[in-house]
Amino acid sequence: MVRIIGIDPGLRNTGWGIISQEGSKLTYIADGAIHSDGEASLAERLLQLHAQLIDILKEFDPDEAAVEETFVNTDARATLKLGQARGVLMLAPAMLKLPVSEYAPNTVKKAVVGAGHAEKDQVKHMVRLLLPKAKMRTADSTDALAVAICHAHYRGSQRLADILARS
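The notes below deal with the structure included here. Since this is a predicted model, take the numbers as computed values, not measurements.

**A few points about the pattern of salt bridges**
Reasoning step 1: Applying the stated criterion across every chain yields a total of three salt bridges.
Reasoning step 2: With a shortest N-O distance of 2.4 Å, R86 and E102 are connected by a salt bridge. Note that R86 is positioned in helix α2 (residues 76-95) and E102 in strand β5 (residues 100-103), a separation of 16 residues in sequence.

As structure tokens, then:
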């Protein structure tokens, strides 16, 4: 059995979701979101996210981590800050010697829904079908569970390299 944490990075709100995989069976463990104080400096906010994620990693002891890649938008400053948050969030599992995989948003949607341009409601519906006991506490944690499901589907397979090359 492998325990996977999926992470949907955000500077203000970061979703996390943990599942276990045994063969083709997926089981919901937990989900939630961590937050940074919007009034704090960027460095302090990054530290807040890192510390909270370390606590979650220590509590749930996953074997592997999967992080959604940054969606680039028209606001370069916001994209840069999101990239910094993502880097800090990737550092936390790496510090605990967990392998960290990255997935493009379209790859996550394709793995969960079957279409790379699926809507958020479709992703949520499929997460609910695949993990019927999932709490899906926030939209961010639902996305993080989708990232974990994606990793469960592609981890350790040659198909991953093929899919990522086409993304």
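Structure's up, so let's keep going.
**Points about the nonpolar core**
Reasoning step 1: Formed by 24 residues in total, the largest nonpolar core has its most connected members in I19, V108, V112, V127, L131, L145 and I149.
Reasoning step 2: Those elements that provide at least two residues to this core are β1 (2-8), β3 (25-35), α3 (105-113), α4 (120-130) and α5 (139-154).
Reasoning step 3: The leading source of residues in this core is α5, at eight residues.
Reasoning step 4: With residues near it in sequence (within four places) discarded, V112 still touches V123, M126, V127, L130, A146 and I149.
Reasoning step 5: Formed by 22 residues, the second largest nonpolar core is a distinct cluster that contains L53, A65, V67 and A92.

**Focus on the layout of surface pockets**
Reasoning step 1: There is about 420 Å³ of room inside the largest pocket.
Reasoning step 2: Around the largest pocket sit 18 residues that line it, and D8, E68, F71, P105 and K120 are the ones nearest its centre.
Reasoning step 3: Within the residue set of the lining of the largest pocket, elements represented by two or more residues are α2, α3, α4 and α5.
Reasoning step 4: With four residues, α3 is the single largest residue contributor to the lining of the largest pocket.
Reasoning step 5: In terms of residue class, the lining of the largest pocket is built from eight nonpolar, four polar and six charged.

**Remarks on the sheet that holds strand β2 (residues 13-22)**
Reasoning step 1: Reading across from one edge, β3-β2-β1-β4-β5 is the order of the five strands in this open sheet, with mixed pairing throughout. Across the chains shown, the open sheet's two edge strands, defined by having one partner strand only, are β3 and β5. Taking the axes of each pair of neighbouring strands and ignoring which way they run, one obtains an average angle of 20° across the sheet.
Reasoning step 2: In the packing of α2 onto the sheet, contacts are made with β1, β2, β3, β4 (64-68) and β5, and the angle to β5 comes to roughly 145°.

Each value, and the rule that gives it
- The written sequence of each chain sets the order in which its residues are numbered from 1.
- Only residues with pLDDT of at least 70 get local features here, since the model is predicted, and only at 80 or more are side-chain atom pairs given and counted; chain-wide, interface and lining totals rely on the full set of residues.
- Hydrogens and water are ignored here; the side-chain numbers use all heavy atoms of the structure.
- Here a salt bridge means any side-chain nitrogen of Lys or Arg lying within 4 Å of a carboxyl oxygen belonging to Asp or Glu.
- Under the scheme used here, helices are H or I runs from DSSP no shorter than 4 residues and strands are E runs no shorter than 2 residues, and both carry numbers assigned from the N terminus.
- Here, nonpolar core means buried Ala, Val, Leu, Ile, Met, Phe, Trp, Tyr and Cys residues that are tied together by side-chain atoms lying within 4.5 Å of each other.
- Whether a residue is buried, partly exposed or exposed follows from its accessible area with a 1.4 Å probe, protein chains only, as a fraction of its type maximum: under 20%, in between, or over 50%, in that order.
- Contacts are residue-level and defined by heavy atoms, with any inter-residue pair within 4.5 Å sufficient.
- Both site types are read off a 1 Å grid over the protein atoms alone. A 1.4 Å probe that fits but cannot get out defines a cavity, while an open set with protein on both sides within 12 Å along at least five of seven lines defines a pocket; lining residues have an atom within 4 Å of a point.
- Grid points are joined across faces, edges and corners, and a volume is the space filled by probe spheres set on the points.
- By the convention adopted, Pro, Cys, Tyr, Trp, Phe, Met, Ile, Leu, Val and Ala count as nonpolar, Lys, Arg, Asp and Glu as charged, and the other residues, Gly among them, as polar.
- For two strands to be treated as a pair, DSSP must find no fewer than two bridges joining them.
- For every element, the axis is a line fit to its C-alpha atoms; helices are fit only across the contacting stretch, and the angle between N-to-C directions ranges from 0 to 180 degrees.

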